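If you want the building blocks of each chain, they are given just below.
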Amino acid sequence: MPLQDITARIAKAEAEAGRPAGSVKLIAVSKVQPDARVEAVLQQGHRCFGENRVQEAAGKWPAFMERYDGIDLHLIGPLQTNKARQAMELCHAIHSLDRPKLAKTIARLAQEIGACPDLFVQVNTGEEAQKAGVMPGEADDFIAECRALDLPLRGLMCIPPIDEEPALHFALLAKLAERNGLAGLSMGMSDDFETAIALGATHVRIGSAIFGERVRPQG
Ligand SMILES: *Cc1c(COP(=O)(O)O)cnc(C)c1O
């Protein structure tokens with residue numbers, strides 16, 4: 001679907017939810033997409049992208065960043081502590097902060113580097129064994145821990161279970177964010193971003209609806 005159709009759908013969803021135009025940021029998820037498809041979206045003026053692997057992002061984005069100004073890169077996939085520095089130097093936001101060890105590593109590196117990307121705590125709203133994220137019942141304590149480390153926490157992120165009604169998960173995430181005074185809500189993908197916007201999403205992460213099906217399948 002052309003980028004402008006997606007941005008039009010976002011604008012319509014914002015209006016229907018009574019939210020200001022432009023209050024939702026579109027993260028175009030470019031993981032495993034061929035460079036030519038990514039370039040086409042860059043040429044249309046879009047600058048905000050998401051990748052779920054540090055290694056892939058590091059292989060692909062420095063060259064684009066040399067050629068296009070103002071790229072805003074978001075890491076949306078799991079982050080190992082040994083890749084934290086690379087992720088922090090390359091990305092403007094990290095949506096997968098999900099454990100104390102990673103929080104402490106990021107805090108230490110932020111001191112060394114003198115900067116820190118915007119951070120989102122990933123919450124495993126479906127309490128799925130195989131999925132990353134803090135459990136909903138642990139979110140308040142983990143958020144407090146991140147704040148004690150002076151981390152620039154902007155919001156919460158979730159990936160609902162594929163076989164459940166996403167609205168329930170978006171509503172839970174919004175409740176946890178509100179209770180903790182966090183403004184950012186990273187939720188909503190190709191199949192459910194309008195629902196997410198209705199429930200308060202500030203960042204939607206949309207891949208296949210913009211770029212077409214991923215060439216190599218990947219979660
Ligand atoms: C791949 C991915 C997306 C985008 O998924 P689509 O269904 O292609 O829109 C969003 N969020 C995360 C964390 C992803 O890994």
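Residues numbered from 1 in each chain as written. Predicted model: local features only at pLDDT ≥ 70, side-chain atom pairs only at ≥ 80, totals over all residues. Heavy atoms only, no water.

Asks: I'm lost on the environment of His46 in this one. Help?
Replies: As for its placement among the helices and strands, His46 is situated in the loop between α2 (35-43) and β2 (48-51). The sequence separation of His46 and Leu172 amounts to 126 residues, and the corresponding C-alpha distance is 30 Å. Setting aside anything within four residues of it in sequence, one finds His46 in contact with Leu3, Leu26, Ala28 and Val41. In terms of polar contacts, His46 uses its side chain to reach the backbone carbonyl oxygen of Leu26, at 3.2 Å. (Helix = DSSP H or I, 4+ residues; strand = E, 2+ residues; numbered from the N terminus. Contact = heavy atoms within 4.5 Å. Polar contact = N/O pair within 3.5 Å; in protein donor to acceptor, adjacent residues only side chain to side chain.)

Asks: What is the right way to read the packing of helix α5 (residues 100-113) against helix α6 (residues 139-148) from this model?
Replies: The packing of two helices is summarised by the inter-axis angle and the distance between the axes. One way to put it is that α5 packs onto α6 with a least axis distance of 10 Å and a crossing angle of 15°. In terms of orientation, α5 and α6 fall into the roughly parallel class. For α5 against α6, the interelement crossing comes out right-handed. Contact residues: α5 offers Pro100, Ala103 and Lys104, while α6 offers Phe142, Glu145 and Cys146. In terms of residue class, the contact of α5 with α6 is built from four nonpolar, no polar and two charged. (Axes fitted to C-alpha atoms, helices over the stretch in contact; angles between N-to-C directions. Parallel < 35°, antiparallel > 145°, perpendicular 65-115°, else oblique. Left-handed = near helix turned anticlockwise from the far one by under 90°. Nonpolar A, V, L, I, M, F, W, Y, C, P; charged D, E, K, R; others polar.)

Asks: Which parts of the structure should I look at to understand the site of the ligand?
Replies: Around the ligand sit 13 residues, and of these Lys31, Ser190, Gly207, Ser208 and Arg214 come closest. Arg205 has a polar side-chain atom sitting 2.9 Å from a nitrogen atom of the ligand. Gly207 places a polar main-chain atom, nitrogen or oxygen, 2.8 Å from an oxygen atom of the ligand. Partitioning the shell around the ligand into residue classes produces six nonpolar, four polar and three charged. (Near = heavy atom within 4 Å.)

Asks: What exactly am I supposed to notice about the UniProt feature "modified residue: N6-(pyridoxal phosphate)lysine" (unreviewed entry) in the protein here?
Replies: The positions that UniProt labels "modified residue: N6-(pyridoxal phosphate)lysine" (unreviewed entry) are, in the present scheme, Lys31. Among the structural elements, Lys31 can be located in the loop between β1 (25-29) and α2. Owing to a relative accessible area of 9%, Lys31 belongs among the buried residues under this scheme. (UniProt positions renumbered as here; feature names shortened; annotations may be inferred. Buried < 20%, exposed > 50% of the residue type's maximum accessible area, 1.4 Å probe, protein only.)

Asks: What exactly am I supposed to notice about the UniProt feature "domain: Alanine racemase N-terminal" (unreviewed entry) in the protein here?
Replies: The feature "domain: Alanine racemase N-terminal" (unreviewed entry), as given by UniProt, occupies residues 3-214 in the numbering adopted here. The annotated region residues 3-214 carries 43% helix and 17% strand content, and the separation between its end C-alpha atoms amounts to 16 Å.

Asks: Help me understand helix α3 (residues 54-67), please; the structure alone is not making it clear to me.
Replies: Given 3.6 residues per helical turn, the α-helix brings residues three or four places apart onto the same face. Relative to the 20 Å expected for 14 residues at 1.5 Å per residue, α3 spans 20 Å between its end C-alpha atoms, a close match to the ideal helical length. Approximately 35° is the largest bend angle found in α3, and it occurs at Trp61, with the proline Pro62 only one to four residues beyond. Buried within α3 we find Val54, Glu56, Ala57, Lys60, Trp61 and Phe64. Against the buried residues of α3 lie α2, β2, β3 (72-75) and α4 (84-90). (Expected span 1.5 Å × (residues − 1). Bend = angle between axes of the 7 residues up to and from the residue.)

Asks: Looking at this model, I keep getting lost on the packing of aromatic side chains. Mind explaining?
Replies: The description of two aromatic rings rests on the distance between their centres and on the angle between their planes. One pass over the full model with this rule turns up two aromatic pairs. Seen in terms of ring centroids, Phe49 and Trp61 are 4.7 Å apart; in terms of plane orientation they differ by 40°. Their pairing is tilted. Of the two residues, Phe49 is situated in strand β2 and Trp61 in helix α3; the sequence distance between them amounts to twelve residues. With 5.0 Å between their ring centres and 55° between their planes, Trp61 and Phe64 make a pair best called tilted. Linking Trp61 with Phe64, this pair stays in helix α3, spanning three residues, or about one helical turn. Clustering of aromatic rings is evident, with ring pairs tying together Phe49, Trp61 and Phe64. (Phe/Tyr/Trp six-rings, centres within 6.5 Å; stacked < 30°, edge-to-face > 60°.)

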